[in-house]
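Notes for the structure review
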Amino acid sequence: MVSWSEDSSSDNSLPRDYSDVCPDWLYDSDFPGEEEEIRCHHGLRGSRRVARGGEHTGRRYIGCSNIIQDCGFVHWVDPEWPNPMKKRLLHLWSNHEMGQNCQREIEKAGMMDAERRKAMEEKMKAEQLFFKAVEDKNIAEFALRKAEEERKKAEEMKMQLELQLADIETESKLKVKWLRQLVLQKERCLMYVGGVVLLLLGFVLAVVVEKNYV
Ligand SMILES: [Zn+2]
């Protein structure tokens, strides 16, 4: 599969191992820059890269230099690793991915725990608001009952005042009636006295007339 050889590397020519299976990769300062001679499917100068991950880890290759729309061009520079090396690399990457998965699970559990704590805090806040609302309701009901009692007291006081006013009016009417009767009696008395005086005067006059004619 790989045609790269000691001879080809010694004359600085590149191997002719093409593949369209583009591995993960990274830039390496020991293998920098671009290849003028090797062009990708875009016709662009090949980008020097080092494979990262899986059985190709560490293998140098020439890839597409268009990072945004990689055409998948792969030109291996290094030969395939021996099978024991590939297995070891796969095992290491498997452990690495398991570690990453564990880390993600730990972070996820941490986030869930944080969300659970946040939900608990929100529940406690909601409960506090509920208890405060109940307390406010009890205070409002107490104030309403007190206001109702005050209203009833005011109503009773009003009725008492109305009764007192009615008594006063009745008493006033009785007094007015009594005063009118008193005035009437006084007038009758004056008329009686006047009649007596007239009778006396008549009697005196009769006596005087009788003495003068006798
Ligand atoms: Zn390309």
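On a predicted model such as this, the values are computed, not experimentally measured, just so you know.

**Observations regarding the overall build of the protein**
On a plain count of helices and strands, the protein comes out with 2 helices and 6 strands. Starting at the N terminus and ending at the C terminus, the protein contains elements arranged as α-β-β-β-β-β-β-α. Scored against the burial criterion, the 214 residues of the protein give a buried share of 8%.

**Looking at the UniProt feature "domain: GRF-type" (unreviewed entry) in the protein**
The sites that UniProt annotates as "domain: GRF-type" (unreviewed entry) are residues 39–78. A distance of 18 Å separates the end C-alpha atoms of residues 39–78, which is 0% helix and 38% strand.

**Quick word on the pairing of strand E3 (residues 34–39)**
With 0 of 6 residues buried, E3 is to be regarded as a mostly surface element. When E3 meets strand E4 (residues 45–51), the two strands line up antiparallel, connected through 3 bridges. Residue pairing for E4: Glu35 is matched across the bridge by Gly46. Here E3 folds back onto E4, and the loop between the two strands holds 5 residues, one of which, Gly43, carries a positive phi near 85°.

**Looking at the pairing of strand E5 (residues 60–63)**
Direction of pairing for E4 relative to E5: antiparallel, over a ladder of 4 bridges. Looking at E5, one finds that Val50 is bridged to Arg60. Summarising the sheet, E5 and strand E6 (residues 74–76) pair through 3 bridges and their orientation is antiparallel. Considered in E6, the bridge of Tyr61 is made with Trp76.

**Things to note about the environment of Ile67**
If you trace the backbone, Ile67 turns up in the loop between E5 and E6. Along the sequence, Ile67 and Ser47 sit 20 residues apart, while their C-alpha atoms lie 9.6 Å from each other.

**Considerations on the environment of Leu44**
Of note, Leu44 is situated in the loop between E3 and E4. Linking Leu44 and Asn66, residues 22 residues apart in sequence, is a C-alpha distance of 7.9 Å. With near-sequence residues (within four places) excluded, Leu44 lies in contact with Arg39, Cys64, Ser65 and Asn66.

**A word on helix H2 (residues 83–213)**
For H2, which comprises 131 residues, the first-to-last C-alpha distance of 190 Å matches the rise-based estimate of 195 Å (1.5 Å per residue) to within 8%. In terms of burial, H2 is a largely surface element, 0 of the 131 residues being buried.

**Observations regarding the nonpolar core**
Core analysis: the largest hydrophobic core is formed by 10 residues, namely Trp25, Cys40, Ala51, Tyr61, Ile62, Cys64, Phe73, Val74, Trp76 and Val77. Of all the secondary-structure elements, those providing two or more residues to this core are E5 and E6.

**Notes on the environment of His75**
Following the sequence through the fold, His75 ends up in strand E6. Residues His75 and Arg60, spaced 15 residues apart in sequence, show a C-alpha to C-alpha distance of 8.8 Å.

What counts, and at which threshold
Residues numbered from 1 in each chain as written. Predicted model: local features only at pLDDT ≥ 70, side-chain atom pairs only at ≥ 80, totals over all residues. Helix = DSSP H or I, 4+ residues; strand = E, 2+ residues; numbered from the N terminus. Buried ≥ 20, exposed ≤ 12 C-beta atoms within 10 Å, placed from the backbone. UniProt positions renumbered as here; feature names shortened; annotations may be inferred. Pairing = 2+ DSSP bridges. Contact = placed C-beta atoms within 7 Å. Expected span 1.5 Å × (residues − 1). Core = buried A, V, L, I, M, F, W, Y, C linked by C-beta atoms within 7 Å.

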